[in-house]
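The lines below spell out each chain.
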Amino acid sequence: MRQFKAPGFTLIELILVTGILAIFAVGLMAIINPSSQIFKANDARRKSDLAQIQRALEAYYQDNGRYPSSSSNHIFTTVQINWGSSWEPYMSVVPKDPSASRNYVYFASSDGQSYVLYASLEKGTDAQACNGGNPCKSLNGATVPGNSMIIPVTTNACGGTCNYGVASPDITP
């Protein structure tokens, strides 16, 4: 009488294949580095948000001859808006930082002719970051280059290091 071997895999074969797949998965995760990708995506959103706000501020300036004033908590006060709220007709919603622990910071000169807008990039080594990823030089009571505006913003008002900024055309952040 002949015995037939049932088709299938042995336990050793299954363990070996599972181990090889696990090694590939760990290697792939190390190559992709998902947390770094999330940081990059958040930073791209921050840059896009600040560019949108900058366009809205320029439209506001064209209509009113000045930029909105700022408050001690670094929001627009002339128009009484907060981050994440509506600012019609300039923006349906003023964006706020994608991270709950970080903030955008807005500061306008007292005459309403200049402003700076800051964010904290998670990957501060970004080529567009201020000062090589360190705090923007115009912070901590420094005078803004090309303007006599003094910015009373601390370097960590963004919830992290304020290392990315945009400004009105007459100054640099």
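In this report, the structure presented in the accompanying data block is examined. Fair warning: this is a prediction, and the values are worked out from it, not measured in the lab.

1. Section: the state of the cysteines
So, point 1. Applying the stated criterion across every chain yields a total of 1 disulfide.
So, point 2. Between the sulfur atoms of Cys158 and its disulfide mate Cys162 the distance is 2.1 Å. The sign of the 115 degrees torsion about the S-S bond sets the Cys158-Cys162 disulfide as right-handed.
So, point 3. Judged by relative accessible area, Cys158 falls into the buried class, the value being 0%.
So, point 4. Given a relative accessible area of 0%, Cys162 falls into the buried group.

2. Points about the packing of aromatic side chains
So, point 1. Scanning the entire structure with this criterion turns up 6 aromatic pairs.
So, point 2. Between the aromatic rings of Tyr67 and Tyr115, the centroid separation amounts to 4.6 Å while the plane-to-plane angle is 65 degrees, which identifies the pairing as edge-to-face. On the criterion of sequence distance, the pair formed by Tyr67 in the loop between α2 (34-64) and β1 (105-108) and Tyr115 in strand β2 (residues 115-119) is long-range, its members being 48 residues apart.
So, point 3. One aromatic cluster in this structure is built from Tyr61, Tyr67, Tyr106 and Tyr115.

3. Observations concerning the sheet that holds strand β3 (residues 164-167)
So, point 1. Spatially, 3 strands are ordered β1-β2-β3 in an open sheet, and the strand pairing comes out antiparallel. Only two strands of the sheet have a single neighbouring strand rather than two, namely β1 and β3. For this sheet, the mean angle separating the axes of adjacent strands, direction not counted, is 15 degrees.
So, point 2. Summarising the sheet, β2 and β3 pair through 4 bridges and their orientation is antiparallel. For Tyr118, the partnering residue across the bridge sits in β3 and is Gly165.
So, point 3. Sitting on the sheet, α2 touches β1, β2 and β3, and the angle it makes with β2 is about 165 degrees.

4. As for unusual backbone geometry
So, point 1. Omega for the bond connecting Glu88 with Pro89 falls within 30 degrees of zero, at 0 degrees, which places this linkage in the cis form.
So, point 2. Along the chain, the position of Pro89 falls in the loop between α2 and β1.

5. Thoughts on α2
So, point 1. Counted at 1.5 Å a residue, the expected span for α2 with its 31 residues is 45 Å, and the 45 Å between its end C-alpha atoms agrees.
So, point 2. Along α2, the residues that are buried comprise Ser36, Asp43, Arg46, Lys47, Asp49, Leu50, Ile53, Ala56, Leu57 and Tyr60.
So, point 3. On the buried face of α2, the contacting elements are β1, β2 and β3.
So, point 4. Of the residues trailing α2, Gly65 is marked for its positive phi of about 75 degrees.

6. Digging into the nonpolar core
Looking at soluble globular proteins, one finds that nonpolar side chains tend to be buried together.
So, point 1. Counting 20 residues, the largest nonpolar core has Ile53, Tyr106 and Leu117 as the members making the most contacts within it.
So, point 2. At the level of secondary structure, the elements contributing two or more residues to this core comprise α2, β1, β2 and β3.
So, point 3. Here this core gets 5 residues from one element, more than from any other, and that element is α2.

7. Focus on the pairing of β1
So, point 1. Judged by which residues are buried, β1 turns out to be covered on both faces: Val105 and Phe107 on one side and Tyr106 and Ala108 on the other are all buried.
So, point 2. Of the pairings in the sheet, the one linking β1 to β2 comprises 4 bridges and is antiparallel in character. Following the sheet pairing, Val105 is matched in β2 by Tyr118.
So, point 3. What sits between β1 and β2 in their antiparallel hairpin is a turn of 6 residues, with Gly112 showing a positive phi close to 75 degrees.

8. A word on the side chain of Ser114
So, point 1. With respect to the element layout, Ser114 can be found in the loop between β1 and β2.
So, point 2. According to the relative accessible area criterion, Ser114 is buried, its value standing at 1%.
So, point 3. Here the side chain of Ser114 touches Asp170 through a polar contact of 2.6 Å, side chain to side chain.

Definitions and cut-offs
For every chain, the first residue of its written sequence is number 1, and the numbers climb from 1 along that sequence. Confidence filtering applies because this is a predicted model: local features only for residues at pLDDT of at least 70, side-chain atom pairs given and counted only at 80 or more, and all residues used for totals across whole chains, interfaces and linings. Excluding hydrogens and water, the side-chain figures rest on all heavy atoms present in the structure. Pairs of cysteine sulfur atoms within 2.5 Å are identified as disulfides in what follows. When a residue's accessible area, from a 1.4 Å probe over protein chains only, is under 20% of the maximum for its type it is buried; when over 50% it is exposed; and in between it is partly exposed. Working definition: rings of Phe, Tyr and Trp (its six-membered ring) pair if their centres are within 6.5 Å, and the pair is stacked with planes under 30 degrees apart, edge-to-face with planes over 60 apart, and tilted otherwise. Secondary structure counts use DSSP, requiring at least four H or I residues in a row for a helix and at least two E residues in a row for a strand, with both numbered from the N terminus. We treat two strands as partners when DSSP finds at least two bridges between them. Throughout, an axis means a line fitted to C-alpha atoms (over the contacting stretch in the case of helices), and angles, computed between N-to-C directions, take values from 0 to 180 degrees. Contacts are assigned to residue pairs that have any heavy atoms within 4.5 Å of one another. By this rule the span expected of a helix is its residue count minus one, scaled by 1.5 Å. Within this scheme, the nonpolar core is defined by two criteria: the residues are buried Ala, Val, Leu, Ile, Met, Phe, Trp, Tyr or Cys, and they are joined through side-chain atoms within 4.5 Å. Polar contact is the term for a pair of N or O atoms within 3.5 Å; when the atoms are in protein, one must be able to donate a hydrogen and the other to accept it, and sequence-neighboring residues count only if both atoms are side-chain atoms.

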